[in-house]
Amino acid sequence: MEEIPGDWGRSVVTIGSFDGVHRGHQLIINRVVELAGELGARSVVVTFDPHPSEVVRPGSHPPLLAPQPRRAELVEQLGVDAVLVLPFTAEFSKESPEYFVQSVLVDALHAKAVVEGPNFRFGHRAAGNVELLAELGRADDFAVEVLDLQVRGAAGDGEPFSSSLCRRLVAAGDMAGVAEVLGRPHRVEGVVVRGAQRGRELGYPTANVDTVPYSAIPTDGVYAGWLTADGETMPAAISVGTNPTFDGTHRTVEAYAIDRVGLDLYGKHVAVDFLAWLRGMEKFDSIDALLERMAEDVKRARDLTERP
């Protein structure tokens, strides 16, 4: 909060974890941007780091659909003026709803309006709800708008879109369902590290991605998707698993940039986007059988990523 400019002016605000910035989140954020334009105010998304569950219930940190910098990118693409990241500590978790509103919304952001979903909770032991927020707003000169977030589709058999639904779909390898909820393919990020280099020996050099902590990694298998590095996005065949043919035990995310030669990505931060599940992880009886299947995987991945 100390980085908020002194001349920031009035704000239209929404508060939440916004993990994944899925289509339900996008409804709220789009309304924040729209309302800020109508009121001549700045649009602000307030979020937390680390995830509140890890502080309130240590060891319960959920798999993350997007790390904090990625969430900021996605929010920026929706037209938001600023993201305020609040350090979520044990002390912070014990603050009352009234203190949170006064210190963050009133004193720091000079809120003119707040937009939330109907299930929004805040303050110590989640004691605050949208009714209390509206009551406090009337006393502190900000309006509260509550949006229905019941976005549904085919994913999850019609279950309302949510971060928890998205995590289940990722865990099941349902990349089409994930993309429907997010409005884009699921992404995993990390730094490329040196692995066993078997892919290079087999003619399929892969980027071995050391993923960001707590990343939501799809179930083991082979996927079609894309690898983005140095601002360039390349069609890719992606492997998630332990390399059972070589008796591996360490679970990895490896991406082969299709038809690219001579890429040196070691030490670089890259992104892997998952388009479609191709098959489960298998243990092959011979290297030749593995190579034959890898060639089929690459062909299918190439065909899928070339479609509009």
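Residues numbered from 1 in each chain as written. Predicted model: local features only at pLDDT ≥ 70, side-chain atom pairs only at ≥ 80, totals over all residues. Heavy atoms only, no water.

Engineer: How should I be thinking about the sheet that holds strand S1 (residues 11–15) in this particular structure?
Structural biologist: The strands making up a sheet associate through hydrogen bonds between their backbones, and the pairing can be parallel or antiparallel. Taken together, the five strands give an open sheet; going across it, the order is S3-S2-S1-S4-S5, and neighbouring strands pair in parallel fashion. The sheet terminates laterally at strand S3 (82–87) and strand S5 (143–146), the two strands that pair on one side only. When strand polarity is set aside, the average angle formed by the axes of neighbouring strands in this sheet is 25°. Each of strand S2 (42–49) and S3 touches helix H3 (residues 68–77); the most contacted strand, S2, lies at about 165° to it. Along the sheet face, helix H6 (residues 130–140) touches strand S4 (111–116) and S5 and points at about 155° away from the line of S5. (Pairing = 2+ DSSP bridges. Helix = DSSP H or I, 4+ residues; strand = E, 2+ residues; numbered from the N terminus. Axes fitted to C-alpha atoms, helices over the stretch in contact; angles between N-to-C directions. Contact = heavy atoms within 4.5 Å.)

Engineer: Teacher, can you tell me more about the domain arrangement of the protein here?
Structural biologist: One frequent convention defines the size of an interface as the accessible area lost when the parts assemble. Split into domains, the protein comes out as domain 1 (11–149) and domain 2 (187–306). For domain 1 and domain 2, the distance between their C-alpha centres works out to 36 Å. Across the contact, eight residues belong to domain 1 and seven residues belong to domain 2. Surface buried jointly by domain 1 and domain 2 totals about 620 Å² across both partners, of which 58% is contributed by carbon and sulfur atoms. Counting the surface domain 1 buries against domain 2, the share from its top three residues, Leu64, Pro67 and Arg70, is 56%. Summed over the shared surface of domain 1 and domain 2, the result is zero salt bridges. Counting every contact that joins domain 1 to domain 2 gives two residue pairs in polar contact (both at pLDDT 80 or more). (Domains from an automatic or database assignment. Buried area = accessible area lost by both parts, 1.4 Å probe. Salt bridge = Lys/Arg side-chain N within 4 Å of Asp/Glu carboxyl O. Polar contact = N/O pair within 3.5 Å; in protein donor to acceptor, adjacent residues only side chain to side chain.)

Engineer: It is not clear to me how the environment of Phe122 should be interpreted in this structure. Could you clarify?
Structural biologist: Residue position: Phe122 is located in the loop between S4 and H6. Separated by 31 residues in the primary sequence, Phe122 and Gly153 have C-alpha atoms spaced 29 Å apart. In this view, Phe122 contacts Pro97, Phe100, Val101, Ala127, Gly128, Asn129 and Leu133; residues no more than four positions away in its chain are not counted.

Engineer: Would you mind going over the nonpolar core with me for this structure?
Structural biologist: A general tendency of soluble globular proteins is for nonpolar side chains to be buried together. Judged by nonpolar contacts, the single largest core of 31 residues is most densely connected at Val178, Val181, Leu227, Ile238, Val272 and Phe274. Elements supplying a minimum of two residues to this core: helix H7 (163–172), helix H8 (175–182), strand S6 (186–193), strand S7 (207–211), strand S8 (221–229), strand S9 (232–241), strand S10 (252–257) and strand S11 (269–279). For Leu227, the contacting residues outside a window of four places in its chain are Ala207, Glu232, Thr233, Met234, Ala236, Ala255, Ala257, Leu265, Val270, Ala271 and Val272. The next biggest cluster of nonpolar side chains, apart from the first, holds 25 residues, and it includes Leu84, Ala111, Phe122 and Phe142. (Core = buried A, V, L, I, M, F, W, Y, C linked by side-chain atoms within 4.5 Å. Buried < 20%, exposed > 50% of the residue type's maximum accessible area, 1.4 Å probe, protein only.)

Engineer: So what exactly am I meant to see when it comes to the side chain of Glu254 here?
Structural biologist: One can find Glu254 in strand S10. Side-chain polar atoms of Glu254 contact the side chain of Thr252, separated by 3.1 Å.

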